[in-house]
Amino acid sequence: QVQLVESGGGLVQPGGSLRLSCAASGFTFSTYAMSWYRQAPGKERELVAAITTAGGSTNYADSVNGRFTISRDNAKKTVYLQMNSLKPEDTAVYYCNAQKLRFGVTYTYWGQGTQVTVSS
């Protein structure tokens, strides 16, 4: 019963901030790289941010680099996305993703998503 449950989405004004959380259960969280993806209306799903298993390395999409920060707490089995200086173009459904590679096979889990709307 693998679960990834996102929370923290909502409506925020341009320039504001939100902190998304993704609580994991049903798998060995500390062995999975974690990522946040988003999908805006009429657009393809895109990778927003990623973090390695122990949090030692992070990667960001150019569009959010410098504004967003991904982090994880393996003891709490939770990954976070701090979003600052939000823009209307950040409006999307944000999805939590867990991934690992084992013997040449990729294992991936997805959350149901949380809506982020940036509007005045």
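Residues numbered from 1 in each chain as written. Predicted model: local features only at pLDDT ≥ 70, side-chain atom pairs only at ≥ 80, totals over all residues. Heavy atoms only, no water.

Chemist: Mind showing me how you'd approach the packing of aromatic side chains here?
Modeler: The way to describe two aromatic rings as a pair is by their centre distance and the angle between their planes. One pass over the full model with this rule turns up 5 aromatic pairs. Ring plane angle 50° and centroid distance 6.4 Å describe the contact between Phe 27 and Phe 29, whose orientation is recorded as tilted. Since its relative accessible area comes to 11%, Phe 27 is described here as buried. Measuring from centroid to centroid gives 4.8 Å for Phe 27 and Tyr 32, while their planes differ by 70°, and the two rings are edge-to-face. Each member of the pair Phe 27 and Tyr 32 is classed as buried. In this structure, Arg 45 is placed above the aromatic ring of Tyr 37, and the distance from its NZ or CZ to the ring centre is 5.3 Å. (Phe/Tyr/Trp six-rings, centres within 6.5 Å; stacked < 30°, edge-to-face > 60°. Buried < 20%, exposed > 50% of the residue type's maximum accessible area, 1.4 Å probe, protein only. Lys NZ or Arg CZ within 6 Å of the ring centre and 35° of its normal.)

Chemist: Just to check I follow, could you spell out the sheet that holds strand 1 (residues 3-7) for this structure?
Modeler: In a beta sheet, neighbouring strands pair by backbone hydrogen bonds and run either parallel or antiparallel. As summarised here, the arrangement of the 4 strands in space is 1-3-8-7, forming an open sheet in which the pairing is antiparallel. Edge positions in the open sheet fall to strand 1 and strand 7 (68-73), since each of these has one partner strand only. Strand-to-strand twist across the sheet, computed as the mean angle between neighbouring axes with direction ignored, equals 15°. Note: strand 1 against strand 3 (residues 18-25), 5 bridges, orientation antiparallel. Along strand 3, the bridge assignment pairs Ser 7 with Ser 21. (Pairing = 2+ DSSP bridges. Helix = DSSP H or I, 4+ residues; strand = E, 2+ residues; numbered from the N terminus. Axes fitted to C-alpha atoms, helices over the stretch in contact; angles between N-to-C directions.)

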